[in-house]
Amino acid sequence: MTNVTQMNETDRQYYFMEKASGHVAKLGEELGRRPTCCVTTFGCQMNARDSEKLVGILEKVGYEIIEDENADFVIYNTCTVRDNANQRVYGRLGVLNGYKRKNPHMKIALCGCMMQEPTVIEKIKNSYRFVDLIFGTHNIFKFAELLCSLFENEGMVIDIWKDTDKIVEDLPVERKYSFKSGINIMFGCNNFCSYCIVPYVRGRERSRNPKDIIREIEGLVADGVVEIMLLGQNVNAYRGVTPEGDTADFAMLLEYVSEIDGIERIRYTTSHPREFTQRLIDAYTKLPKLVSHVHLPVQAGSDRILTAMKRGYSVLEYKSIIRRLKAARPGIAIATDFIVGFPGETAEDFEKTMRLIDDVGFDASFSFVYSPRPGTPAARLPDETPYSVKLERLQRLQRKIDDNAAEISRNMLGKIERVLVVGPARRGEGMLSARTDNNRIVNFAGDTSLINQMTNVRITEVFPHTLGGELVD
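The text that follows walks through the structure, step by step, so that each part is easy to find.

1. Here we look at the overall build of the protein
At step 1: Scanning the protein for helices and strands turns up 13 helices and 21 strands.
At step 2: In the protein, which comprises 473 residues, the share counted as buried stands at 53%.
At step 3: Residue pairs in contact within the protein that sit at least 24 positions apart in sequence constitute 73% of those at least 6 positions apart.
At step 4: Approximately 21,500 Å² of the protein is accessible, and the part contributed by carbon and sulfur atoms is 49%.
At step 5: The centroid of the 62 positive side-chain charges in the protein is displaced by 4 Å from the centroid of its 64 negative side-chain charges.

Shown next as structure tokens:
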């Protein structure tokens, strides 16, 4: 008899994958066809990477992956950064309940950040009792084991860990794209911004061994990947221990990745201004594979609001980082995040945010009206600003960002850009879609043999959200 308690975690999960394969095969015999599964992802790129792992395991145990939620097994990988993400999940669960009444063998699983909230678990247990499996962010590597529990037990299976120091990455992954891939380099966050629930649902920071990261990327390159996205809640807090016992910071990790033959582009997300070091800035001078695009959330342009948010830097310090980045890599595109209507934000505070946009010249932003998250310090702050005022501010901010982006796009006219061709364009026969170094979409006429390849395109047209171009020999 196999003693799974003595196995390392990776071998243990492969044991459960083999066991789950038997359960899925038996279900297939009962159905007279291959069982189907649909995985829906809410939230960030780390969630998307987690979903690729779920899909990889599901395919290995025998499921057919489909996009129709009227499937034999449906998984929602959830986000809880804003309340509307939670509400979307609850709304979709109502639809799934209707499917399940017509399909009694259907199974429904919920995972991800939303499942780390105790109040959410209680609500699901009381109001959505047709859900079969609930697990969180810390034990996603146990999915095959949990799948076996789902087949072998009656009632709802709940497996939520408050925190963990485990990192288990050597499991099946089904990538969405053949030519680019995200890779987790660290997990969790120690910053505890007053509005943010991420440290509570993702746990404390823990970094992967740089040797393991490099080995995984080398495997991806061998499989055709040319662009890598390094992922973490706060990547520039990365602290990996080398085999020699030395500590590798994020700038050093970027150097290691840049030395891998076959990697054409390196991206990363998300970073925090408080730990955006000069060593990281200097990497933009030394590493040409590092793209000319940085996503650096600022959240507000008022020092008073930044203090209330517990962000740990001033507007002047943020602008200093941007100034040094632009000196290190002229023409670099700066994307950011803004929270509009944080409790106590005055008209003067908001105008300071608008001035910051002018000063920096942001290329893009993810901007939202403040959403209180239960359990965070900011949720207890008095908030007297009407929602209509917050919404009007958000719309003004987004218009200004759009104007900046349009000006940057116009300045690209006539220039030759090195692009990664990602697939057919959504519109136009014979048109291809590609990404520029500064993360813009450019569409141009070309043969499908260019898909997954790097090529040169001259920018010939500017549209509200894309560019037009022509292939350069």
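2. Brief notes about the pattern of salt bridges
At step 1: Per the stated rule, a full pass over the model turns up 30 salt bridges.
At step 2: Here Arg 410 ties to Glu 407 by a salt bridge, and the two come within 2.8 Å at their closest N and O atoms. In this pair, Arg 410 and Glu 407 both sit in helix H13 (residues 387-410), three residues apart, roughly one turn of the helix.
At step 3: Overall, Arg 410 belongs to the partly exposed group, its relative accessible area being 43%.
At step 4: Relative accessible area serves as the criterion here: at 37%, Glu 407 is assigned to the partly exposed category.
At step 5: A network of salt bridges, in which partner residues are shared, links Arg 49, Glu 52, Arg 208 and Glu 216.

3. Section: the environment of Ser 207
At step 1: Tracing the chain through its elements places Ser 207 in strand E9 (residues 206-207).
At step 2: Each C-alpha atom, one on Ser 207 and one on Phe 73, is 33 Å from the other, the two residues being 134 residues apart in sequence.
At step 3: Aside from chain neighbours lying at most four places away, what touches Ser 207 is Ile 167, Ile 185, Met 186, Tyr 238, Arg 239 and Gly 240.

4. Quick look at unusual backbone geometry
Leaving glycine out, the prevailing phi sign among residues is negative, and the prevailing peptide bond configuration is trans.
At step 1: Backbone torsion omega between Thr 269 and Thr 270 reads -5 degrees, so that peptide bond is classified as cis.
At step 2: Relative to the helices and strands, Thr 270 is located in the loop between strand E13 (265-269) and helix H9 (278-286).
At step 3: For Lys 310, which is not a glycine, the phi torsion comes out positive at approximately 60 degrees.
At step 4: When you line up the elements, Lys 310 lands in the loop between helix H10 (303-309) and helix H11 (315-328).

5. Focus: the pairing of strand E17 (residues 416-424)
At step 1: Pairing geometry for E17 and strand E20 (residues 454-462), over five bridges, is antiparallel. Note on E20: the bridge partner recorded for Arg 418 is Asn 456.
At step 2: In this structure, the hairpin formed by E17 and strand E18 (residues 431-435) is closed by a connection of six residues, where Gly 428 is found at a positive phi of approximately 95 degrees.

6. What to know about the side chain of Asn 184
At step 1: Within the secondary structure layout, Asn 184 lies in strand E7 (residues 180-184).
At step 2: With a relative accessible area of 0%, Asn 184 lands in the buried category.
At step 3: Setting aside anything within four residues of it in sequence, one finds Asn 184 in contact with Met 46, Arg 49, Asp 50, Lys 53, Glu 169, Arg 208, Ile 213 and Leu 231.

7. Focus on the packing of aromatic side chains
At step 1: A complete count under the given rule lists 16 aromatic pairs for this structure.
At step 2: Plain terms: the ring middles of Tyr 63 and Phe 73 are 5.7 Å apart, the flat faces sit at 45 degrees to each other, and that makes the pair tilted. Residue Tyr 63 is located in the loop between helix H2 (45-61) and strand E2 (64-65), and its partner Phe 73 is located in strand E3 (residues 73-78); the two are separated by 10 residues in the primary sequence. When sorted by exposure, Tyr 63 lands in the same class as Phe 73, which is buried.
At step 3: A network of ring pairs unites the aromatic residues Tyr 63, Phe 73, Phe 135 and Phe 143 as a single cluster.
At step 4: A cation sits over an aromatic face here: Arg 82 above Phe 368, 3.5 Å from the ring centre.

8. A few points about the sheet that holds E7
At step 1: An order of E7-E10-E13 is seen for the three strands of this open sheet, with the pairing classed as parallel. Of all strands in the sheet, those with a lone pairing partner are E7 and E13, marking the two edges. The sheet shows a mean angle of 25 degrees between the axes of neighbouring strands, direction not considered.
At step 2: Relative to strand E10 (residues 227-231), E7 is paired through five bridges, and the arrangement is parallel. Considered in E10, the bridge of Ser 181 is made with Ile 228.
At step 3: Contacting E7, E10 and E13, H2 runs over the sheet at an angle of about 100 degrees to E7.
At step 4: Those strands touched by helix H7 (residues 210-222) are E7 and E10, and its axis lies near 165 degrees from that of E7.

Thresholds, definitions, all that
- Residues numbered from 1 in each chain as written.
- Predicted model: local features only at pLDDT ≥ 70, side-chain atom pairs only at ≥ 80, totals over all residues.
- Heavy atoms only, no water.
- Helix = DSSP H or I, 4+ residues; strand = E, 2+ residues; numbered from the N terminus.
- Buried < 20%, exposed > 50% of the residue type's maximum accessible area, 1.4 Å probe, protein only.
- Contact = heavy atoms within 4.5 Å.
- Areas by Shrake-Rupley, 256 points an atom, 1.4 Å probe, with all protein chains shown as cover.
- Lys, Arg positive; Asp, Glu negative; His and termini not counted.
- Charge placed at Lys NZ, Arg CZ, Asp CG, Glu CD.
- Salt bridge = Lys/Arg side-chain N within 4 Å of Asp/Glu carboxyl O.
- Pairing = 2+ DSSP bridges.
- Phe/Tyr/Trp six-rings, centres within 6.5 Å; stacked < 30°, edge-to-face > 60°.
- Lys NZ or Arg CZ within 6 Å of the ring centre and 35° of its normal.
- Axes fitted to C-alpha atoms, helices over the stretch in contact; angles between N-to-C directions.

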